[in-house]
Amino acid sequence: MLRYCFRRVLTLALSLLAASVIIFLIVELVPGDPASFMLGTGAQPETLAALRQQMGLDQPLPLRYAQWLLALLQGDFGQSLTYKTPVAQMILDRMQVSLPLAVMALTLAAAIAFPAGLFAASRRGRPGDVTVMGATQLGIALPNFWFAMLLVLVFAIKLRWFPAGGFPGWSQPLASLKSLLLPALALALPQAAILARVLRSALIETQQQDYIRTARAKGLSTRQTLRRHALRNAMVSVLTIMGLQFSFLLAGAIIIENVFFLPGLGRLIFQAINQRDLIVVQSSVLVLVAAVIAVTFLVDLAYAAVDPRLRR
């Protein structure tokens, strides 16, 4: 198991290094000059050249990448060109919103999907199964931003149970959790629909195995075999989807963060792209990639915990 973990860590480190090269090149190849954006179109060439030199934009591309990577290894994410603030502090502040939002959304998705998937699998082909599958199809088809606006209209404007947007900060934990509940629900609905369908399919496939037939022959009901035997073996597929969903919820909540005016990491990247703040874009995206790689590693470890055969 230790050897397996070491190999996985080495592979993930190489993946992160390759990702840093790709991110740096893509951001550098995006049209537009940060110095020109900061000074405006009427800037004098001498002033523009001086600012480019001050920002290090006149240096060769490989040297700039090496300097950026070396600074990252030392924990220095640089300074924002727009806000003149350390990028590390900006990312940390935004992650205090994006990370709890992703965890809440995935928790809600699992709380909806697991009962729905078990219910549908235990009633395969019956009206209950058809109803659940129809509801999940609807959940996948509905855009989450439309559902978010519907939630705001009903629960924030009409009923006034929740705030329509904003984030008060973790100095007020109850108010903060309340402000994240509607966006988490908007993110969770399509993910719950996907997860329920995957779980149902995995459970139905597992029910065809010989050990399930043996359990049924011993007198266990369909529900008992699903919960005691089939569910654990179906979890490998489910964990894969949940790992992908968490990565998506952490990195892909830009629209929802804008709908609810949440100061999350996705919104920070969106603003930095518009302002050509390259150092913020590069460092933020690399942090998200590192989070995705870390989640992948944890999912791999969960595979081995769920199915001991995978440890070999």
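Residues numbered from 1 in each chain as written. Predicted model: local features only at pLDDT ≥ 70, side-chain atom pairs only at ≥ 80, totals over all residues. Heavy atoms only, no water.

Another point: the overall build of the protein. Along its length, the protein carries 13 helices and 0 strands. In sequence order, the protein lays out its α and β elements as α-α-α-α-α-α-α-α-α-α-α-α-α. Within the span of the protein, comprising 312 residues, buried residues form 42% of the whole. Carbon together with sulfur atoms contributes 66% to the accessible area of the protein, which is approximately 16800 Å² in total. (Helix = DSSP H or I, 4+ residues; strand = E, 2+ residues; numbered from the N terminus. Buried < 20%, exposed > 50% of the residue type's maximum accessible area, 1.4 Å probe, protein only. Areas by Shrake-Rupley, 256 points an atom, 1.4 Å probe, with all protein chains shown as cover.)

To continue, consider unusual backbone geometry. Not every positive phi belongs to a glycine, and Arg160 is a case in point at roughly 60°. Considering the arrangement of structural elements, one finds Arg160 in the loop between α7 (144-158) and α8 (173-206). Here the phi dihedral of Phe261 falls at roughly 55°; this positive angle occurs in a residue that is not glycine. As for its placement among the helices and strands, Phe261 is situated in the loop between α11 (254-259) and α12 (265-274).

As a further point, take the pattern of salt bridges. Evaluation of the coordinates by the stated rule reveals 1 salt bridge. Notably, a salt bridge pairs Asp129 with Arg200, separated by 2.8 Å at the nearest N-O pair. Here Arg200 lies in helix α8 and Asp129 lies in helix α6 (residues 127-141), a separation of 71 residues in the sequence. In terms of burial, Asp129 and Arg200 fall into one category: buried. (Salt bridge = Lys/Arg side-chain N within 4 Å of Asp/Glu carboxyl O.)

Right, let's get into the packing of α7 against α8. Two elements in contact, α7 and α8, have axes separated by 9 Å at closest approach and are oriented at 140°. Put simply, α7 runs oblique to α8. Pair α7 / α8 crosses with right-handed handedness. In this structure, α7 uses Asn144, Phe147, Ala148, Leu151 and Phe155 to contact α8, whose residues at the interface are Leu182, Leu185, Ala186, Leu187, Leu189 and Pro190. (Axes fitted to C-alpha atoms, helices over the stretch in contact; angles between N-to-C directions. Parallel < 35°, antiparallel > 145°, perpendicular 65-115°, else oblique. Left-handed = near helix turned anticlockwise from the far one by under 90°. Contact = heavy atoms within 4.5 Å.)

Bringing the confidence of the model for the protein into the picture now. Overall, the predicted model of the protein reaches an average pLDDT of 81, with 86% of residues at or above 70. Here helix α2 (residues 34-39) stands out as the least confident element of the protein, with mean pLDDT 64; helix α5 (residues 87-122) is the most confident, with 89. (pLDDT = per-residue confidence, 0-100.)

This paragraph deals with the environment of Val285. Take Val285: it is sitting in helix α13 (residues 278-306). A relative accessible area of 25% means that Val285 is categorised as partly exposed. Separated by 34 residues in sequence, Val285 and Ala251 have C-alpha atoms that sit 8.5 Å apart. Residues in contact with Val285, not counting those within four places in the same chain, are Ile23 and Ile269.

Here the focus is the packing of α6 against α8. For the pair α6 and α8, the least separation of the axes is 8 Å and the interaxial angle reads 140°. Our classification of the angle between α6 and α8 gives oblique. Two packed elements cross with a definite hand, and for α6 against α8 that hand is left-handed. Listed contacts from α8 to Asp129, Met133, Thr136, Gln137, Gly139 and Ile140 of α6 are Leu189, Pro190, Ala193, Ile194, Ala196, Arg197 and Arg200. A per-class count over the contact of α6 with α8 returns 7 nonpolar, 3 polar and 3 charged. (Nonpolar A, V, L, I, M, F, W, Y, C, P; charged D, E, K, R; others polar.)

Following the sequence through the fold, Ile204 ends up in helix α8. When its relative accessible area of 10% is taken as the criterion, Ile204 is described as buried. Separated by 83 residues in the primary sequence, Ile204 and Ala121 place their C-alpha atoms 6.1 Å from one another. When sequence neighbours within four positions are dropped, the list of residues in contact with Ile204 reads Ala121 and Arg124.

Here the focus is a nonpolar patch on the surface. Among the surface-exposed residues, Phe145, Trp146, Met149, Leu150, Leu153, Val154, Ile157, Leu159, Trp161 and Ile255 lie close enough to one another that they form a single nonpolar patch of about 910 Å² accessible area. Inspection of the secondary structure assignment puts Ile157 in helix α7. (Patch = residues over 30% accessible without salt bridge, like charges linked within 9 Å, V, L, I, M, F, W, Y side chains within 5 Å.)

Let us now look at the nonpolar core. The biggest cluster of nonpolar side chains holds 70 residues, and the ones touching the most others in it are Phe114 and Leu203. Among the secondary structure elements, those contributing two or more residues to this core are α1 (2-29), α4 (61-73), α5, α7, α8, α10 (222-251), α12 and α13. When residues of this core are assigned to their parent elements, the largest contribution, 16 residues, is made by α5. If we ignore the near neighbours within four places in the chain, the residues touching Phe114 are Leu195, Leu199, Leu231, Met235, Val238 and Met242. (Core = buried A, V, L, I, M, F, W, Y, C linked by side-chain atoms within 4.5 Å.)

Moving on: the packing of aromatic side chains. Here a ring pair, both rings aromatic, is described through the centre-centre distance and the interplanar angle of the planes. This structure, assessed with the given rule, holds 6 aromatic pairs. A ring pair is formed by Phe24 and Tyr65, whose centres lie 5.4 Å apart and whose planes are at 65°; its orientation type is edge-to-face. Of this pair, Phe24 sits in helix α1 while Tyr65 is found in helix α4, placing the two residues 41 residues apart along the sequence. An identical accessibility class is assigned to Phe24 and Tyr65; each is buried. (Phe/Tyr/Trp six-rings, centres within 6.5 Å; stacked < 30°, edge-to-face > 60°.)

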